[in-house]
Amino acid sequence: MTAARTDRPRYVVFDQLDERVLRFRPGRKWRAPAPGVLPAWVADMDFPVAEPVVSSLRRYIDMGDFGYPDWPDGVSPLRAAFAYRMKERNGWWPDPEHVREFTDVVHAVRTMLELSTKPGDGVAIHTPAHGPLTATIEQLGLRVVPLPMIDTPDGWAFDADDCARRVAEGGCRALIIVNPHNPTGRAFTRDELLSLAEAAERHDLVVISDDLHADLTYAPHRHLPFASLDPAIEARTVTMYSASKAFGLAGLRCAVGHIGVAALRDRLAELPSGPSVNVLGMLACLAAWTEGAGWLDTVVDYLDANRRIVTEFVAEHLPEVHHHMPEATYLSWLDCRGLGYGPDPASFFRDHARVELNPGSGYNPGGDGFVRLNFATPAPLLHKILDRMADAVANTRRKVS
Ligand SMILES: Cc1ncc(COP(=O)(O)O)c(C=O)c1O
């Protein structure tokens, strides 16, 4: 079974990335699946890293100094770069003095929850949710208060009144907003964010806004940082951001958090060892943000075409699978319940299509029967992945009939 090929001469470099070469990549995405299985799982991209990032790392490595970096008072240049980037891209002018460096987003969320809650408190979060976030809530002795995403004819949404009720009844102290949302790919609108802001104000919640996928938002959708809604909202919000997803730098472990909540900044400063970040991760992130705009535009264009390939293919060749084209992220959230493969269709696709996907159960509640497909891969490979999935389903259809 072959899908229509998309003609994209500008992106021949990405199109030509060879599967045999990619198989030599040392990272988990390609190494962990069994031989011959095509990886469309963990949120890493297959594209070459932006040249300014590589040059910046090379220059530093050539200098051969991996001692403590010379950042006066531990203040990395990322703080100002983040503030400037928010202003340029999102119309929000955050105070660089409220920005801190972290090795990664989940760790930072953990720290913020530790500093702002006590065991037994509720933490509201849209579900399905990125598994490590809900696991973090539970490990801290807190309660996950699910705010269910609802599948509507127009796409994934949430019922603002129902969410407000859940927050009120859930004994919530904190709200985690993942925007853009992983796994549904929603870029929340101003009205949606305002409804959450209202609940946050009414119940005096600390809000942690995980904006990790913000740079991967497709026009006409726009990323709107929650903290940008108004200064009072900013003062109760921690905004997490990183170059790790949009620039393919997750292994370098570097993120920033804009901590609008004054009490949290104070408590963070009291910790025996404050947050610190690897100098190479910092440099990569800085180069990505200050010199990587051209690369990012190309990648987002390419991903935009890939999300359309997935959407058209699924509609045509996998009619039992239900899907909304994501507004952001390089992740497609596929409802496979219509296939009748039970709660874990990812196992079926691993065994019968030789494709590795993220099982929806990793995003529970609300993930059983779903898979998450990562389409940040060369288009020819994406076609191969989709062809394999459709062929496997067609074979089971033949066996049943
Ligand atoms: C929404 C979201 N938050 C956090 C993470 C993990 O980020 P980190 O590796 O920086 O902890 C991911 C990874 O894909 C993610 O999608």
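Predicted model, so just to flag it, every value in this text is computed and none were measured.

About the thresholds
Numbering of residues begins from 1 in every chain and follows the order in which that chain's sequence is written. Only residues with pLDDT of 70 or above have their local features reported here, since the model is predicted, and side-chain atom pairs are shown and tallied only from 80 upward, although totals for entire chains, interfaces and linings are computed over all residues. Put plainly, near means the residue's C-beta atom, positioned from the backbone, lies within 6 Å of the molecule or strand in question. Ten residue types, Ala, Val, Leu, Ile, Met, Phe, Trp, Tyr, Cys and Pro, are classed as nonpolar, four, Asp, Glu, Lys and Arg, as charged, and the remainder, Gly among them, as polar. Two strands qualify as a pair provided DSSP detects at least 2 bridges between them. Counting from the N terminus, the helices are DSSP H or I runs at least four residues long and the strands are E runs at least two residues long. Residues with at least 20 other C-beta atoms within 10 Å of their own are called buried, those with 12 or fewer are called exposed, and the rest are partly exposed. The C-beta atoms themselves are positioned from the backbone. Here, the term right-handed applies to a crossover whose path from the first strand over the helix to the second runs clockwise when the strands point away from the viewer. Expected helix span is computed as 1.5 Å times (number of residues minus one). Throughout, a pair of residues is in contact if the C-beta atoms placed from their backbones lie within 7 Å. Where each domain starts and ends comes from a domain assignment, either automatic or drawn from a database. Here, the arc refers to the directions that run from the helix axis to the C-beta atoms.

The local shell around the ligand holds 13 residues, among which Ala43, Asp104, Val105, Val106 and Asn182 are the closest. Tallied by class, the residues present in the shell around the ligand amount to seven nonpolar, four polar and two charged.

Let us now look at the sheet that holds strand S14 (residues 370–374). The strand order across the open sheet built from three strands is S11-S14-S13, with neighbouring strands paired in antiparallel fashion. One side of each edge strand has no neighbouring strand; the edge strands of this open sheet are strand S11 (331–335) and strand S13 (358–359). The sheet contact formed by S11 and S14 spans five bridges and is antiparallel. Residue Leu331 lies in a different strand from S14, and its bridge partner there is Asn374.

It is worth spelling out the pairing of strand S8 (residues 206–210) at this point. Of all five residues that make up S8, five are buried, and the element is covered over most of its length. Neither face of S8 is left uncovered, since the one carrying Val206, Ile208 and Asp210 and the one carrying Val207 and Ser209 both have all their residues buried. By the bridge criterion, five bridges tie strand S7 (residues 172–178) to S8 in an arrangement that is parallel. By the bridge assignment, Leu175 is partnered in S8 with Val207. Of the crossover connections in this fold, the one passing from S7 over helix H9 (residues 190–202) to the parallel S8 is right-handed. The pairing of S8 with strand S9 (residues 237–241) spans four bridges and is parallel. Directly across from Ile208, in S9, lies its bridge partner Val238.

Inspection of the secondary structure puts Ala219 in the loop between S8 and helix H10 (231–234). We classify Ala219 as exposed; it has 9 C-beta atoms within 10 Å. When the C-alpha atoms of Ala219 and Asp304 are compared, they prove to be 9.0 Å apart, with 85 residues separating the residues in sequence.

The next point concerns helix H5 (residues 78–90). Counted at 1.5 Å a residue, the expected span for H5 with its 13 residues is 18 Å, and the 17 Å between its end C-alpha atoms agrees. Three or more residues of H5 are buried, namely Leu78, Arg79, Ala81, Phe82, Ala83, Arg85, Met86 and Asn90. Buried residues along H5 sit in contact with strand S2 (99–102), S9, strand S10 (255–259) and helix H12 (279–291). Just downstream of H5, Gly91 is the residue with a positive phi angle, here 65°.

This part is about the domain arrangement of the chain. Considered domain by domain, the chain is made up of domain 1 (9–50 + 294–395) and domain 2 (67–291). The straight-line distance from the C-alpha centre of domain 1 to that of domain 2 is 26 Å. Across the boundary between the two partners, domain 1 contributes 27 residues, which contact 31 residues of domain 2. Looking at which element gives the most residues to the side of domain 1 that touches domain 2, the answer is helix H13 (residues 293–317), with four residues. Taken together, the residues of the side of domain 1 that touches domain 2 sort by class into 15 nonpolar, eight polar and four charged.

A few words now on helix H4 (residues 51–63). Taking 1.5 Å per residue, 13 residues should reach 18 Å; H4 reaches 19 Å between its end C-alpha atoms and fits that length. Buried within H4 we find Pro52, Val53 and Ser56. For H4, the angular spread of the buried residues around the axis is 105°, confining them to a single face. Residues of H4 that are exposed and point more than 90 degrees away from the buried face comprise Ser55, Arg58, Ile61 and Asp62. Just downstream of H4, Gly64 is the residue with a positive phi angle, here 65°.

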